[in-house]
2 protein chains.
Amino acid sequence: MKLSLRGEYALRALLVLGLNHTQPVLRIQTISQQQNIPKRFLEQILNDLKSAGVVESKRGVAGGYRLARPPEDISLATVIRHIEGALAPVSCVSERFYEKCSCPDEAKCAIRSVMKQVRDAIVKLVEKLTVADLCERARKLQEIHAGPVDFMI
Amino acid sequence: MKLSLRGEYALRALLVLGLNHTQPVLRIQTISQQQNIPKRFLEQILNDLKSAGVVESKRGVAGGYRLARPPEDISLATVIRHIEGALAPVSCVSERFYEKCSCPDEAKCAIRSVMKQVRDAIVKLVEKLTVADLCERARKLQEIHAGPVDFMI
DNA sequence: AAAATCTCTATTGACTTAGTAGAGTATTAT
DNA sequence: ATAATACTCTACTAAGTCAATAGAGATTTT
């Protein structure tokens, strides 16, 4: 039931890009340093997100990445599905990555029925959540934790 | 976000054991044949479930496995956690398998905050669901799909 | 004693993951 | 033009995981 590091890095990078959505572009190195992600690895990931239409890039001296769409139009579901594949815990209940399983009869499979519920719960959440939500949360969490300290200074 | 085959096999085996809870014991081979699970692989899995206190075994000629507790006392969460480890999609939000992640500040991490929600949704479901629920569903699905056909014969 | 069945440990091949490497292409500033 | 910068594309690798398979041993019943 795990998200790979690759997937986590993708989300972290998109969060940074979302928070800097006003900027023309952000360099890989900037994101990599800010988020403790190996640069060459992040390169691959961002490139991959580009092929998903989630980010776009500009080459050359003033180059970098930025979101290809408004943050509120990029759902976590889209991102995770592109990087990881199925959201469903077993592929026989996946909508877009369906694969037959080895059970004797899929239609009568109780595991399948239960896993469908789990899938739905996950999908419902991550389809609603967007990069914009991530950004909002990041700002809130920043306030809560940094705010009081700032006042004390 | 995937369950391993091992985990799926475990649930399938427990379903069979649950449906035959009245029997003294069931042989590995019986379960293996009924569910298309490689026998030697299932051996390992059942043995593992035994160490989790979920099933108990009897050796020798009339030996086999049975549930160690009533089906309604065995939650899917217990089983999956024992076979797979964390239910949480990232280990920094796992209650029992916590591991620090590489993000700059866990307390301010928006990904973490979101993943906590996903974790909670999953945990809420699989903690409530038990082997008894699996059995009930299996019986219902059997009725729905086999019933009409039986009438037609 | 023999047969059946679970038990324990080890091994294997295929695959995935996380990361590294190198050469190449586009863009900008000078 | 040319150098510097930054993305791009492909390949590689070391480590780990997964799904089995295998063999020898222990226990129980007949």
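Preceding this paragraph is the structure being described.
All values derive from a computational prediction rather than experimental measurement.

S.K.: Kindly report on the overall build of chain A, identifying the contributing residues and their values.
M.R.: Summing up its helical and strand segments, chain A has 6 helices and 2 strands in all. Across its three principal axes, chain A shows a C-alpha extent of roughly 65 × 45 × 25 Å. Taken over 153 residues, chain A has a buried fraction of 49%. A sequence separation of at least 24 residues applies to 59% of the contacts in chain A between residues at least 6 apart.

S.K.: Residues and numbers for the protein's contact with DNA strand D, please.
M.R.: Not every one of the 28 residues close to DNA strand D is listed here, only the nearest: Lys50(A), Tyr65(A), Arg40(B), Gln44(B) and Arg59(B). Per the 4 Å cut-off to the protein, sugar and phosphate atoms form 64% of the nearby atoms of DNA strand D. Note that a phosphate oxygen of DNA strand D is positioned 2.7 Å from one of the side-chain N or O atoms of Ser57(A). Looking at the surface near DNA strand D, the elements with two or more residues in it are α3 (39-51), β1 (55-58) and β2 (64-67) of chain A together with α1 (5-19) and α3 (39-51) of chain B. Among the elements that make up the surface near DNA strand D, the one with the highest residue count is α3(A) (5 residues).

S.K.: Tell me about the protein's contact with DNA strand C, residues and numbers included.
M.R.: If you check the shell around DNA strand C, you find 28 residues, and the closest are Arg40(A), Gln44(A), Lys50(B), Arg59(B) and Tyr65(B). Taken together, the sugar and phosphate atoms account for 61% of what DNA strand C places within 4 Å of the protein. Residue Gln44(A) places a side-chain N or O atom 2.3 Å away from a base oxygen belonging to DNA strand C. Within the contact set of DNA strand C, a phosphate oxygen lies 3.4 Å away from a side-chain nitrogen or oxygen of Asn47(B). Elements represented by at least two residues in the surface near DNA strand C include exactly α1 (5-19) and α3 of chain A together with α3, β1 (55-58) and β2 (64-67) of chain B. The element that contributes the greatest number of residues to the surface near DNA strand C is α3(B), accounting for 5 residues. For the surface near DNA strand C, the residue count by class is 9 nonpolar, 9 polar and 10 charged.

S.K.: Tell me about unusual backbone geometry, and name the residues and values.
M.R.: The general pattern is negative phi for most residues beyond glycine and trans for most peptide bonds. All names here are of chain A. Even without a glycine there, the phi angle at Asn36 is positive, about 55°. Examined against the element boundaries, Asn36 turns out to sit in the loop between α2 (28-35) and α3. With a relative accessible area of 45%, Asn36 lands in the partly exposed category.

S.K.: Tell me what's going on with the interface of chain A and chain B, and back it up with residues and numbers.
M.R.: Taken together, the contacts link 45 residues of chain A with 45 residues of chain B. When the two sides are added together, the surface that chain A and chain B hide from each other amounts to roughly 4200 Å², 68% of it contributed by carbon and sulfur. Considering only the side of chain A, the residues that lose the most area to chain B are Met1(A), Lys108(A) and Ile111(A), jointly responsible for 18% of the buried surface there. One can count 0 salt bridges joining chain A with chain B.

Basis of the calculations
Residues numbered from 1 in each chain as written. Chains lettered and ligands numbered in written order. Predicted model: local features only at pLDDT ≥ 70, side-chain atom pairs only at ≥ 80, totals over all residues. Heavy atoms only, no water. Helix = DSSP H or I, 4+ residues; strand = E, 2+ residues; numbered from the N terminus. Buried < 20%, exposed > 50% of the residue type's maximum accessible area, 1.4 Å probe, protein only. Contact = heavy atoms within 4.5 Å. Near = heavy atom within 4 Å. Polar contact = N/O pair within 3.5 Å; in protein donor to acceptor, adjacent residues only side chain to side chain. Nonpolar A, V, L, I, M, F, W, Y, C, P; charged D, E, K, R; others polar. Buried area = accessible area lost by both parts, 1.4 Å probe. Salt bridge = Lys/Arg side-chain N within 4 Å of Asp/Glu carboxyl O.

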